[in-house]
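For reference, the chains in residue letters:
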Amino acid sequence: MDLVQAFESWKALMKAGENLPWWQEFYVKFYQAFVEADRWRDYLEGVSVTLIATALALLMGVILGVVIAMVRTAHDQQRPGRKNPALGAVNAIFKVYVTVIRGTPMMLQLMIWAFVVFKSRQYTLVGIFGLGINSGAYVSEIIRGGLMAVDGGQMEAGRSLGLN
C-alpha cells in the first residue's frame, strides 16, 4: 500500500469515528495540511513573502536609524557657543520621533498606519513600512548609545590627529 492509499483509508476510518494510533492520525492531519491540494506551495510562498518583508523592513530601519543617530550625535557633540539652529530643530524632531515610537506598542503603530494613515488593503507594504519605522527608532538609539559611549579623551585624540 503506498502512502496516498494509506492516507485515503485512514482518512475514511477517522471520518467513521474509528480510533487510530497517534501516528496514523498525525499522518492524516499532516497530509491534509501540507500535501493535499499542494498546500505546501502556499506555505512556501508565505515564507518567501515574510523573508522579503523582513529584509526590507530591516534595511529601512538600519538606514533610518543611522541617519537619526548621526544627526542626534552631531547635535549632542557641538561645542558650546557654536550651536547650529537647523541641526537643533532637526534633532528636536528626531527626539520626538524616537520617544513616541519607542513609547507606543508596535501593534498599535501598525494599526494606525494601516487603518488611519494609509487606509489601504496593501497590508504587506504597510507592515514593511511600519516595522521599518519602528526598527529605525530602536536602531538609532543603539547606534547613538555606542557613539556617545566614546570617551571625550578619545575624541580629543582624534581631533589632534586631524579627524573630524
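Quick note: structure is the one above.
These notes cover the structure that comes with them.

Basis of the calculations
Residues numbered from 1 in each chain as written. Predicted model: local features only at pLDDT ≥ 70, side-chain atom pairs only at ≥ 80, totals over all residues. Heavy atoms only, no water. Axes fitted to C-alpha atoms, helices over the stretch in contact; angles between N-to-C directions. Helix = DSSP H or I, 4+ residues; strand = E, 2+ residues; numbered from the N terminus. Parallel < 35°, antiparallel > 145°, perpendicular 65-115°, else oblique. Left-handed = near helix turned anticlockwise from the far one by under 90°. Contact = heavy atoms within 4.5 Å. Nonpolar A, V, L, I, M, F, W, Y, C, P; charged D, E, K, R; others polar. Phe/Tyr/Trp six-rings, centres within 6.5 Å; stacked < 30°, edge-to-face > 60°. Expected span 1.5 Å × (residues − 1). Buried < 20%, exposed > 50% of the residue type's maximum accessible area, 1.4 Å probe, protein only. Salt bridge = Lys/Arg side-chain N within 4 Å of Asp/Glu carboxyl O.

### Some remarks on the packing of helix 4 (residues 85–103) against helix 6 (residues 123–148)
And then number 1: Interaxial distance between helix 4 and helix 6 falls to 9 Å at its minimum, and their mutual angle equals 115 degrees. Taken together, the axis directions place helix 4 and helix 6 in an arrangement best described as roughly perpendicular. Crossing handedness for the pair helix 4 and helix 6: left-handed. Here Tyr97, Val98, Ile101 and Arg102 of helix 4 lie close against helix 6, whose contacting residues are Ile133, Asn134, Gly136, Ala137, Tyr138, Ser140 and Glu141.
And then number 2: For the contact of helix 4 with helix 6, the residue count by class is six nonpolar, three polar and two charged.

### Quick look at the packing of aromatic side chains
And then number 1: Enumeration over the complete set of coordinates arrives at five aromatic pairs.
And then number 2: Here Phe118 and Phe129 contribute two aromatic rings whose centre-to-centre distance is 5.5 Å and whose plane-to-plane angle is 85 degrees, an arrangement assigned as edge-to-face. Taken together, the residues Phe118 in helix 5 (residues 106–118) and Phe129 in helix 6 connect sequence positions 11 residues apart.
And then number 3: Connected via pairs of aromatic rings, a cluster forms that spans Trp113, Phe118 and Phe129.

### Section: helix 3 (residues 39–76)
And then number 1: If you check helix 3, its first and last C-alpha atoms are 54 Å apart, about what 38 residues at 1.5 Å a residue would give, namely 56 Å.
And then number 2: Among all positions in helix 3, only Ala53, Ala57, Gly61, Gly65, Ile68, Ala69, Val71, Arg72 and Thr73 are buried.
And then number 3: Tucked inside the fold, the buried residues of helix 3 contact helix 4 and helix 6.

### Here we look at the pattern of salt bridges
And then number 1: Counting across every chain of the model gives four salt bridges.
And then number 2: Here Glu141 makes a salt bridge to Arg72, at a shortest N to O gap of 2.8 Å. One end of the pair, Glu141, is in helix 6; the other, Arg72, is in helix 3, with 69 residues separating them in the sequence.
And then number 3: Given a relative accessible area of 7%, Arg72 falls into the buried group.
And then number 4: Salt-bridge contacts for Arg102 lead to Glu141; the nearest nitrogen and oxygen are separated by 3.8 Å. Highlighted residues: Arg102 in helix 4 and Glu141 in helix 6, separated in sequence by 39 residues.
And then number 5: Classification of Arg102 as partly exposed rests on a relative accessible area of 40%.
And then number 6: Three or more residues joined by partner-sharing salt bridges are found here, namely Arg72, Asp76, Arg102, Glu141 and Arg144.

### Comments concerning the packing of helix 3 against helix 6
And then number 1: Following both chains from N to C, one finds helix 3 and helix 6 inclined at 40 degrees, their axes separated by 5 Å at the closest point. In terms of axis orientation, helix 3 runs oblique to helix 6. For the pair helix 3 and helix 6, the crossing hand works out as right-handed.
And then number 2: Of the residues that constitute the contact of helix 3 with helix 6, the class distribution is 18 nonpolar, eight polar and four charged.

### A look at the side chain of Asn134
And then number 1: Its location among the elements puts Asn134 in helix 6.
And then number 2: Asn134 gets classed as buried once you look at its relative accessible area, which sits at 9%.
And then number 3: Leave out the neighbours within four places in its chain, and Asn134 touches Ile101, Met106 and Gln109.

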